[in-house]
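# Chains, contacts and geometry: an overview
Here is how the chains run, residue by residue.
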Amino acid sequence: MTRRFYLLLLSVTVSFLAFSQAGTGVYQFLDLPVSSRLAALGSINVSLHDNDINFAFQNPALLTSETNNVIGLNMANYLADIKFGTAVYGRNFGNKNYFAFGIQYIDYGMFKYANEANDQVGDTYFTAKDMALYIMYARPVTKRITVGATLKPVYSVYETYTSYGLAADVGASYNDSTHQFSAGLVFKNMGMQLKGYYSEDGVQHLEPLPFDIQLGISKKFEHAPLRLSLTLDNLQQWDLSYESTNQPTDNLTGTATTNKIGFVDMAFRHTVLAAEFVPSNNFYLTVAYNDRRQQEMTMSGFKSGAGFSFGGGIKLYKFHVGFGMTQFQVGNYAYQFSISTALKDFKL
């Protein structure tokens, strides 16, 4: 049984990698933080082994026996009044089959029709939305190692343009509870766009998914209520430089230029650092720093806390309530709220 599972996992990984490309792609909403705690942790964490069912969105191998019959709801007030959120429910079958079922969505709001000159056309509106379903599975293979996989059908609609695709995550988790150390590795968003938003000469215009390889570690101090996490992302692509049309005021050509990034700077752009104050299982405070976000969001002449994120959570009665805040530029904050509970506490 175990051998067949490994063979199936390997074949799924190879087949999806064949259709994946490094770098950017469609369905970027899949990389948004799915809960307030993950937002506070810098939007990425694949290693923290804390029986938080929302972390299964990041790494399916983080499902545990304790996520059985747990439900989680998350909502975010993003930039420009964009709303997104997730919902997840965990259900185990037997002692070693951990499942979870979730949904992720983003609603960009209502837009007025306008032509290329920005003249409004009548008084009609259109919407833009993305949605993904999550079917997550994990199974412990040793006392400390768990492997997992997620299947994600994706649907997107922008006005009359629609697209759908299929993505998958494959992950592994290592947890040493004796030394309060954990680690995780995930291959995220492997898959393909099955239907593009439009066709060219009768052929579907298909784009790659935002494939990402992420690796992380978390360590809690034995004699202090402090836990540190280090997460590396985009390991499949070293060069994260990008083209920019921003030019000095004496240059009006609009020629695109590529930022030159040194070795050390580039290494830090793959890194997210986070610290949590966890005096008990019912309370936490979190601060994190995402260097790539800081480097790409900082604007000359403006003070900004871009790259930093904060949050906290507390257990109230039978509910775990969380709040996360992320700053992108001066005055541009994203707020996220989460609530989860174990239905068994209500004898359900």
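Residues numbered from 1 in each chain as written. Predicted model: local features only at pLDDT ≥ 70, side-chain atom pairs only at ≥ 80, totals over all residues. Heavy atoms only, no water.

If you walk through the whole model with that rule in mind, you get twelve salt bridges. In this structure, R37 engages E276 in a salt bridge whose closest nitrogen and oxygen atoms are separated by 3.0 Å. With R37 in helix α2 (residues 36-40) and E276 in strand β14 (residues 271-280), this residue pair connects regions lying 239 residues apart in the sequence. Each member of the pair, R37 together with E276, is buried. Within the structure, one salt-bridge network assembled from shared partners comprises R37, D50, D52, R227 and E276. (Salt bridge = Lys/Arg side-chain N within 4 Å of Asp/Glu carboxyl O. Helix = DSSP H or I, 4+ residues; strand = E, 2+ residues; numbered from the N terminus. Buried < 20%, exposed > 50% of the residue type's maximum accessible area, 1.4 Å probe, protein only.)

Okay, the environment of F29 next. Among the structural elements, F29 can be located in the loop between α1 (2-17) and α2. Of the residues examined, F29 reaches a relative accessible area of 3% and is grouped as buried. Considering only alpha carbons, one finds F29 and K129, 100 residues apart in sequence, at a separation of 10.0 Å. What F29 contacts, discounting residues up to four positions off in sequence, is Q104, I106, Y108, D130, M131, A132 and V154. (Contact = heavy atoms within 4.5 Å.)

Take the nonpolar core next. If you look at the biggest cluster of nonpolar residues, it comprises 34 residues, and the most contacted ones within it are Y27, F29, L30, L63 and M136. Counting residues per element, this core draws most heavily on strand β4 (residues 120-140), at four residues. (Core = buried A, V, L, I, M, F, W, Y, C linked by side-chain atoms within 4.5 Å.)

Another aspect to go through is the pairing of strand β11 (residues 226-232). Of the two faces of β11, only one is covered, namely that formed by R227, S229 and T231; the face formed by L226, L228, L230 and L232 stays uncovered. Here six bridges tie strand β10 (residues 212-220) to β11, and the two strands are oriented antiparallel to one another. Counted as the bridge partner of I217 is L230 from β11. Turn length for the β10-β11 hairpin, with the two strands adjacent in sequence and antiparallel, is five residues. With seven bridges connecting them, β11 and β14 associate as antiparallel partners. Looking across to β14, one finds that L228 is bridged to A275. (Pairing = 2+ DSSP bridges.)

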